[in-house]
Amino acid sequence: ETNLGRGRALSERHVAYYARRAAGGAGIVVTETASVHESDWPYERAPLAAECAPGWSAVLAACRPHGALVLAGLGHAGSQGSSAYSQAALWAPSRVADVASRELPMAMEEPELAALLDGYTTAASLAVSCDLDGVEIEAGQYSLLRQFASGLTNRRDDAYGTDRGLLLAEVVTAVRAVLGGERVLGLRLGCDELAPWAGITPERGAELAARLAPLVDYLVPVRGSAMNTAATRPDLHTPPMVNAGLCRAVRAAVAGRTTVVLQGSVVDPSAAAAALADGTADLVEMTRAQIADPDLVALVRAGAAGRVRPCVLCNQRCRVRDPRNPIVSCLGEPRSGHETTDPALPSALDQVSTQGKAPDALLPATPDQVSTQSKGPATAPAGGPGVGSPDRVSTQSRGAAVLVVGGGPAGLEAARVLALHGRAVEVVEREDRTGGSLRLAARLAGRERLARLADWLDGEVRRLGVGVRTGVTVTPEQLVGRTVLLATGSRPGPRPYLRAEGRAARPTDGLTDGHPDGADHDHPNGWADGGGTVVVDARELAAWVHGGRPVDELLGDGAVLVVDPVGDWTGVGVAELLAAAGRDTAIVTQDGVVGTQLALTGDLAEANGRLQRAGVRLLRRSVVQHVADGKAVLRNVFTAEESIVDCGSIVHCGHRLADAAGMEAAGYPTAGDCVAPRTAYEAILEGRRAALALLAGGPA
């Protein structure tokens, strides 16, 4: 799903999105699944095949010159759809309520079955009339055809219940007849519903695959059902290549009678190549990886696989099936999905094997400002070639050199874009390593892959000749007369329970909130209340762990209370981290379920399961009123009833405050958290936009 549609038709945004991947080397482009019958309207901008002909033709015209095949995705969501738009009963094999929506569908009878079959053949005929290279039938996660094949949802006593694969076989046979032998027929087939008591098992999936293999040109084995949508597109808590074993089993079952495609978090080019080499699959599907870097295939072919922007599998921007109707995009590549509105950057392919020289340092390095100074390592960091590598780009300086203050994701992306356009750039970072909050977030449980994006950004700016100095704190006076871009990050936000009952919290260790004047600006990094409870910010905990120090040295003795007023991945990750370290941990939230925002990434149910298995106590529907003497007073948000929990320490996971490092009045352009602390997506996007705006302004 992309949510790029105009009504129920493919739009010019679809065309640009698919064309960008084709230009980057994708061999097959399958357009967003189009409903084959008007009874199916699963989400507001879901394509309807009857309205897709102009869009299909436009996608074909844009992609074919690059050598890519274009197939139309065809499907019907059945009971996993929505009646909110159609105001009609959902279709299903039996009257079994959907486990997610709880809506009860109607059981299809002969008229509906005939209409569905006709819908598939009509849609396939329309694709042929557009000269598409073929179609792919959706019989996976959100699919009526999978529901017919599954004992979870098919309770019929007619021929379609006796042979649960019958309807799928009829559809595939009919579409094959329409396409003939000259066009491609692909099948996305649910082969493991992870519900062995009644669902499709891997053994049953292999049987279905063997039955249908002679009729299709390729087959994509997938897993998951309505009961476990996270299994279809797992996030970064699940290791990549999740379906390799299933794919091997299906490939063995079809015995060479069709091409088998590996799907399931295939994001690393080397792992994909290994799967092809060892016989796991004949093709690989790398959808998220090519959202993260549309040039993936071309870069690998050019021998520059290390230049590929990594997919971190976070699902934060590419998973769009939710009521907000977000547009598909990528945490690390914000232009994805916005190809028609966001300006293109110089092509990565144009920079392969060119050379250049890093600019000289722009600031003096005095002992009180610098703990480490670097123009880039002589050897390549994890994200790409080093400054000493021949695989980098010359910076043909145009106008004054730009100083980027802050080496987090916003600052690194700004520096990268400026360098791509030929500007001389230097990045100064007060910590001993670039990456900022992105690298610290990678220290939370299960989020290690985020460090790959930080490594890539760091490696790219160094490859482009950007001077990078870490351990540097600058003052406003040092920036006078410079062309400056601020990406200085954030500081801890409000923690009102520390001021309750007139208690004035005090710093635990003399830390300040990062302001150059060294003063206490209400929210230092570490606090202790009047009774001695240690209170730290989640970022401080992550930085502590990042430095290789045990959490016990930061938090002291006793139970730890994770305060999570936001409900995103931070609180959950902190609680998992502490539990793994052996700490008695509880997490408190005002919501009815912990981590409500994780529903957007598909990790909500999995996260709550992980917390409970780890022994974390879930304190729901409560807020912290005040903290004293190693205890926290909680108030129920519905009943106002108060309760007391032990907490020798608190880790606060709330919103942070913008921190311009005391340079707000100077009027420098800003980006990322120093505008408003949010996610890495906004930081990278704003870093890019700030750089482009600076370039548009001409030489300073």
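The model shown is predicted, which means the values in this text are computed figures rather than measured ones.

### Focus on the overall build of the protein
In step 1: The helix and strand inventory of the protein stands at 19 helices and 26 strands.
In step 2: In the protein, which comprises 700 residues, the proportion classed as buried is 59%.
In step 3: In the protein, once contacts between residues fewer than 6 apart in sequence are set aside, the share between residues at least 24 apart is 70%.

### A word on the nonpolar core
In step 1: If you look at the biggest cluster of nonpolar residues, it comprises 126 residues, and the most contacted ones within it are Trp56, Leu74, Tyr120, Ile137, Val175, Leu187 and Leu189.
In step 2: Among the elements that take part in this core, helix 19 (residues 680-696) stands out by supplying 9 residues, more than any other.
In step 3: The next biggest cluster of nonpolar side chains, apart from the first, holds 27 residues, and it includes Val562, Ala575, Val594 and Leu598.

### Digging into the packing of aromatic side chains
In step 1: Under the criterion given, the structure shown has 3 aromatic pairs.
In step 2: We note Arg321 situated over the ring of Tyr142; from NZ or CZ to the ring centre the distance is 3.7 Å.

### Quick look at the packing of helix 1 (residues 12-23) against helix 2 (residues 53-63)
In step 1: Contact geometry for helix 1 and helix 2: axes closest at 9 Å, N-to-C directions at 30°. The angle between helix 1 and helix 2 places the two elements in the roughly parallel class. Remark: the crossing between helix 1 and helix 2 carries right-handed chirality. Seen from helix 1, the contacting residues are Val15, Tyr18, Ala19 and Ala22; seen from helix 2, they are Gly55, Ala58, Val59, Ala62 and Cys63.
In step 2: Along the lines of polarity and charge, the residues of the contact of helix 1 with helix 2 split into 8 nonpolar, 1 polar and no charged.

### Considerations on a nonpolar patch on the surface
In step 1: Nonpolar side chains collect at one region of the surface, where Ile28, Leu69 and Leu283 lie side by side and expose about 210 Å² of accessible area between them.
In step 2: Here Leu283 lies in strand 10 (residues 283-284).
In step 3: On the basis of relative accessibility, which here comes to 35%, the residue Leu283 falls in the partly exposed class.

### Description of the sheet that holds strand 24 (residues 642-646)
In step 1: Reading across from one edge, 22-23-24 is the order of the 3 strands in this open sheet, with antiparallel pairing throughout. Edge strands, defined here as strands with exactly one partner in the open sheet, are strand 22 (622-628) and strand 24. Here the average twist between neighbouring strands, direction ignored, is 30°.
In step 2: Sheet topology note: the strand 22/strand 23 (residues 631-636) ladder contains 6 bridges and is antiparallel. Along strand 23, the bridge assignment pairs Val624 with Leu634.

### Section: the side chain of Gln316
In step 1: Along the chain, the position of Gln316 falls in the loop between helix 11 (296-301) and strand 11 (402-405).
In step 2: A distance of 2.9 Å separates the side chain of Gln316 from the side chain of Arg447, its partner in a polar contact.
In step 3: If we ignore the near neighbours within four places in the chain, the residues touching Gln316 are Leu331, Arg447, Trp569, Thr601 and Thr679.

### What about the environment of Pro323?
In step 1: Along the chain, Pro323 falls in the loop between helix 11 and strand 11.
In step 2: Pro323 sits 277 residues away from Leu600 along the chain, and the two C-alpha atoms are 9.7 Å apart.

### A word on the pattern of salt bridges
In step 1: Counted by the stated rule, this structure contains 40 salt bridges.
In step 2: As a salt-bridge pair, Glu426 and Arg469 come within 2.7 Å of each other at their nearest N and O atoms. Remark: Arg469 occurs in strand 13 (residues 467-470) and Glu426 occurs in strand 12 (residues 425-429); sequence separation between them is 43 residues.
In step 3: With a relative accessible area of 1%, Glu426 lands in the buried category.
In step 4: We note a salt bridge from Glu642 to Arg635, for which the minimum N-O separation is 2.8 Å.

### Some thoughts on the environment of Arg8
In step 1: Tracing the chain through its elements places Arg8 in the segment before helix 1.
In step 2: In this structure Arg8 comes out as buried when scored by relative accessible area, which is 7%.
In step 3: Along the primary structure Arg8 and Leu48 are separated by 40 residues, whereas in three dimensions their C-alpha atoms are 5.4 Å apart.
In step 4: Residues contacting Arg8, with those up to four places away along its chain left out, are Ser35, Glu38, Asp40, Trp41, Pro42, Ala46, Pro47, Leu48, Glu51 and Cys52.
In step 5: Polar side-chain contacts of Arg8 include one of 3.3 Å to the side chain of Ser35.

### Section: the pairing of strand 19 (residues 560-563)
In step 1: Residues Val560 and Val562 of strand 19 are buried on one face, and the alternating residues Leu561 and Val563, pointing to the opposite face, are buried as well.
In step 2: Direction of pairing for strand 19 relative to strand 20 (residues 585-588): parallel, over a ladder of 4 bridges. Within strand 20, the position partnered with Leu561 by the bridge is Ala586.
In step 3: Considered for its hand, the β-α-β crossover made up of strand 19, helix 17 (residues 569-580) and strand 20 is right-handed.
In step 4: As defined by bridge partners, strand 19 adjoins strand 25 (residues 649-652) across 4 bridges and the pair is classed as parallel. Note that in strand 25 the partner of Leu561 across the bridge is Ile650.

### Side note on helix 7 (residues 202-212)
Counting along an α-helix, one turn takes 3.6 residues, and residues three or four places apart therefore face a common direction.
In step 1: Every buried residue of helix 7 is listed here: Gly205, Ala206, Leu208, Ala209, Ala210 and Leu212.
In step 2: Summarising the contacts, the buried residues of helix 7 are in contact with helix 4 (144-149), helix 6 (166-179), strand 7 (184-192), strand 8 (218-223) and helix 8 (244-254).

### A few points about the sheet that holds strand 11
In step 1: Across the sheet, which stays open at both edges, the 4 strands sit in the order 13-12-11-14 with parallel pairing between neighbours. On the outer flanks of this sheet lie strand 13 and strand 14 (483-486), each paired with one strand and no other. Adjacent strand axes in the sheet meet at a mean angle of 20°, parallel and antiparallel pairs treated alike.
In step 2: Examined bridge by bridge, strand 11 and strand 12 share 4 bridges and lie parallel to one another. Residue Leu403 lies in a different strand from strand 12, and its bridge partner there is Glu426.

The rules behind the values
- Residues numbered from 1 in each chain as written.
- Predicted model: local features only at pLDDT ≥ 70, side-chain atom pairs only at ≥ 80, totals over all residues.
- Heavy atoms only, no water.
- Helix = DSSP H or I, 4+ residues; strand = E, 2+ residues; numbered from the N terminus.
- Buried < 20%, exposed > 50% of the residue type's maximum accessible area, 1.4 Å probe, protein only.
- Contact = heavy atoms within 4.5 Å.
- Core = buried A, V, L, I, M, F, W, Y, C linked by side-chain atoms within 4.5 Å.
- Phe/Tyr/Trp six-rings, centres within 6.5 Å; stacked < 30°, edge-to-face > 60°.
- Lys NZ or Arg CZ within 6 Å of the ring centre and 35° of its normal.
- Axes fitted to C-alpha atoms, helices over the stretch in contact; angles between N-to-C directions.
- Parallel < 35°, antiparallel > 145°, perpendicular 65-115°, else oblique.
- Left-handed = near helix turned anticlockwise from the far one by under 90°.
- Nonpolar A, V, L, I, M, F, W, Y, C, P; charged D, E, K, R; others polar.
- Patch = residues over 30% accessible without salt bridge, like charges linked within 9 Å, V, L, I, M, F, W, Y side chains within 5 Å.
- Areas by Shrake-Rupley, 256 points an atom, 1.4 Å probe, with all protein chains shown as cover.
- Salt bridge = Lys/Arg side-chain N within 4 Å of Asp/Glu carboxyl O.
- Pairing = 2+ DSSP bridges.
- Polar contact = N/O pair within 3.5 Å; in protein donor to acceptor, adjacent residues only side chain to side chain.
- Right-handed = clockwise from strand over helix to strand, strands pointing away.

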